[in-house]
Amino acid sequence: MKISLLKLPGLYDTLFMLFLLLSCAVLGIGHILPLFHVDNFMAARTALLSHLAIFTWIGIGLHLISYLRAFQIPAMLLANIAGIGAFLIFWLLPSVALVPSLLLIGAILLTQKTAKHKTRLHQASPQEQNSSY
């Protein structure tokens, strides 16, 4: 599958979610085990999420570019709106991580579904493409 400006935000969202999950796992393990010396879990979590501001701006920018290129694909527009909303919530309210995480998961799934559907349409014959509209 080729990377395009329409699918790049989905890849970025996936990497962002993996980094966020890994960071929370390390903080959780550090809180349980004295090896990492994480005494105050909430302070460490807030410090981590406050450093994500630059990554949220990159995500917003990628979703805006993809949104402007996807005016013909309603599902991709919805995925980009969900992604923009998720990154705005991450930026404005970094301590609330559940809602933007769910929005990002929704954006990732919509992007994958749309990319697969668009790939099948490009592989189909022109007669099948006309009947699918």
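Values in this document were obtained by computation on a predicted structure and should not be read as measured data.

Enquirer: Requested: an account of the overall build of the chain, with residues and values cited.
Expert: Within the chain, the regular secondary structure consists of six helices and zero strands. When the helices and strands of the chain are placed in sequence order, the string is α-α-α-α-α-α. By the burial criterion, 34% of the 133 residues in the chain qualify as buried. For the chain, restricting intrachain contacts to residue pairs at least 6 apart in sequence, the fraction spanning at least 24 positions comes to 61%. Summing over all exposed atoms, the chain offers an accessible surface of approximately 8600 Å²; the carbon and sulfur share of this is 73%.

Enquirer: If you had to explain the environment of Ser23 to someone new, which residues and values would you point to?
Expert: Tracing the chain through its elements places Ser23 in helix H1 (residues 8-32). Residue class for Ser23 comes out buried when judged on its relative accessible area of 11%.

Enquirer: Break down the nonpolar core for me, citing the residues and quoting the values.
Expert: If you look at the biggest cluster of nonpolar residues, it comprises 14 residues, and the most contacted ones within it are Phe16, Leu20, Leu52, Phe87, Phe90 and Leu104. Counting only elements with at least two residues in this core, the list comes to H1, helix H3 (53-69), helix H4 (74-92) and helix H5 (98-123). In terms of residue count, the dominant contributor to this core is H1 (four residues). If sequence neighbours within four positions are ignored, Phe16 has contacts with Leu52, Phe55, Thr56, Phe87, Phe90 and Leu104. Core analysis: the next-biggest nonpolar cluster, separate from the first, contains five residues, Ala70, Ile73, Met76 and Leu77 among them.

Enquirer: Tell me about the packing of H1 against H3, and please be specific about residues and values.
Expert: Between H1 and H3, the shortest axis-to-axis distance is 9 Å and the interhelical angle comes to 155 degrees. Considering the angle they form, H1 stands roughly antiparallel to H3. The crossing of H1 and H3 is left-handed. For the pair formed by H1 and H3, the contact residues are Leu8, Pro9, Tyr12, Asp13 and Phe16 on the first element and Phe55, Thr56, Ile58, Gly59, Leu62, His63 and Ser66 on the second. A class-by-class count of the residues in the contact of H1 with H3 yields seven nonpolar, four polar and one charged.

Enquirer: Can you tell me about a nonpolar patch on the surface, naming the residues and giving the values?
Expert: There is a patch of nonpolar side chains on the surface, built from Trp57, Leu88, Trp91, Leu92, Leu93, Val96 and Val99 and spanning about 640 Å² of accessible area. Of the residues forming the nonpolar patch, the biggest block, three residues, is contributed by H4. Assignment of secondary structure puts Trp91 in helix H4. Looking at Trp91, the relative accessible area reads 37%, which means it is partly exposed.

Analysis parameters
- Residues numbered from 1 in each chain as written.
- Predicted model: local features only at pLDDT ≥ 70, side-chain atom pairs only at ≥ 80, totals over all residues.
- Heavy atoms only, no water.
- Helix = DSSP H or I, 4+ residues; strand = E, 2+ residues; numbered from the N terminus.
- Buried < 20%, exposed > 50% of the residue type's maximum accessible area, 1.4 Å probe, protein only.
- Contact = heavy atoms within 4.5 Å.
- Areas by Shrake-Rupley, 256 points an atom, 1.4 Å probe, with all protein chains shown as cover.
- Core = buried A, V, L, I, M, F, W, Y, C linked by side-chain atoms within 4.5 Å.
- Axes fitted to C-alpha atoms, helices over the stretch in contact; angles between N-to-C directions.
- Parallel < 35°, antiparallel > 145°, perpendicular 65-115°, else oblique.
- Left-handed = near helix turned anticlockwise from the far one by under 90°.
- Nonpolar A, V, L, I, M, F, W, Y, C, P; charged D, E, K, R; others polar.
- Patch = residues over 30% accessible without salt bridge, like charges linked within 9 Å, V, L, I, M, F, W, Y side chains within 5 Å.
- Salt bridge = Lys/Arg side-chain N within 4 Å of Asp/Glu carboxyl O.

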